[in-house]
Amino acid sequence: MKNLRARDVAPYLFIAPFFVLFAVFGVFPLVFSIWLSLHQWEPAAGLAAMRWVGLDNYWFALTDAWFHRSLWNTLWFAVVSGLPQHLVALPLAYFIHRRLKRARDAVVGAYFVPYITSSVAVALIFVTLYSKDYGVINAVLQGFGVTERIDWLGDAAWTKPAVAFVVFWRYLGWNVVLYLSALQVIDEELYEAATLDGARSWQQFRHIALPLLKPMIFFAVTLTIIGNLQLFEEPFILVDIEKGVALSVMTTAIFMYRLAFSDGDFGTASAVSWILFVIIAGLTWGNSQLFQRTGGDDGRG
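Treat the numbers as computed from the prediction; the structure is a model and nothing was measured.

Reading the values: the criteria
- Residues numbered from 1 in each chain as written.
- Predicted model: local features only at pLDDT ≥ 70, side-chain atom pairs only at ≥ 80, totals over all residues.
- Heavy atoms only, no water.
- pLDDT = per-residue confidence, 0-100.
- Contact = heavy atoms within 4.5 Å.
- Core = buried A, V, L, I, M, F, W, Y, C linked by side-chain atoms within 4.5 Å.
- Buried < 20%, exposed > 50% of the residue type's maximum accessible area, 1.4 Å probe, protein only.
- Helix = DSSP H or I, 4+ residues; strand = E, 2+ residues; numbered from the N terminus.
- Axes fitted to C-alpha atoms, helices over the stretch in contact; angles between N-to-C directions.
- Left-handed = near helix turned anticlockwise from the far one by under 90°.
- Nonpolar A, V, L, I, M, F, W, Y, C, P; charged D, E, K, R; others polar.

## Let's talk about the confidence of the model for the chain
Stage number 1. On average, residues of the chain score 88 in pLDDT, and 95% of them are at 70 or above.
Stage number 2. Here residues 297-301 is modelled with pLDDT under 50, and outside its nearest four sequence neighbours on either side it reaches twelve contacts, counting other chains as well.

## Looking at the nonpolar core
What tends to happen in soluble globular proteins is that the nonpolar side chains get buried as a cluster.
Stage number 1. Val-176, Tyr-179, Leu-183, Tyr-191, Ala-209, Leu-213 and Ile-217 are the most contacted members of the largest nonpolar core, which has 32 residues in total.
Stage number 2. The set of elements that each furnish at least two residues to this core consists of helix H4 (82-99), helix H8 (156-183), helix H9 (188-196), helix H10 (201-229) and helix H13 (266-293).
Stage number 3. Sort the elements by how many residues they give to this core and H10 lands first, with ten residues.
Stage number 4. When neighbours within four sequence positions are excluded, Leu-183 is seen to be in contact with Ala-93, Tyr-94, His-97, Tyr-191, Ala-209 and Leu-213.
Stage number 5. Tyr-130, Val-167, Val-245 and Ala-246 belong to the second largest nonpolar core, which has 19 residues in total.

## Here we look at the packing of H8 against H10
Stage number 1. Following both chains from N to C, one finds H8 and H10 inclined at 150°, their axes separated by 10 Å at the closest point. Between H8 and H10 lies a crossing of right-handed hand. Side by side, H8 and H10 meet where Val-167, Trp-174, Asn-175, Leu-178, Tyr-179, Ser-181, Ala-182 and Leu-183 of the first sit next to Ala-209, Leu-213, Met-216, Ile-217, Phe-219, Ala-220, Leu-223, Thr-224 and Asn-228 of the second.
Stage number 2. Here the residues of the contact of H8 with H10 are counted per class, giving 13 nonpolar, four polar and no charged.

Here it is, written out as structure tokens:
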């Protein structure tokens, strides 16, 4: 009986470390953030200083003008940097799949490198490229006859497009890899039959590839929605937070960070995080409904 009991208990002992770590670093922070969002708390004063405020933190966030501005900036980046990722990645992946054979791996690797590169390294490179006085971009523009040097990261009119381009550039390769992986499982006989029927490359892309790629498009767009609505690293690193122009690229994630670590208002910051969670969940659900109505769940278009 003792040996039998040991064999029964052993599997649970082996998997116990995972559940312990998950509970400590996954479940507890999640539950504590919900509890914290209902309190006013100054961390330096300890847990005893937590004061119950109910839904006041949520109401404050929802009526705060800076939260509205950060949410607008977040949605702007989600559209301006997210939509082009797919509009470019789809035909680019199709071109690589159909036209490039020997150099395919090298080209895909080149596009994928920005995605796996450190955010700090990417930011440092683009800070240099965007430099007003010594940047390569301004030097190139001068070569085309543009006399005025653009302050890409110091002028609010140019800062948002500049940051959006960095986000687009960094995640384009990721979407190319996703779409290329889906294209490789499409039966080549479909293209051969379409070629015999006189269909050109664009027609094959539109009537064969796109309908069969809808499940992957849904997956990729969902990841873009989730990722772009949590955008933090690129605008935070590229633009000095102390400059006034930083407000033009202040996303909701940056607003939440400033509430917590600059203002010390962890309660409202937690409330903002859950409001953002609800927005992401709502948009993800809307995206799911849209693709289901267009046949994206089964790929039959």
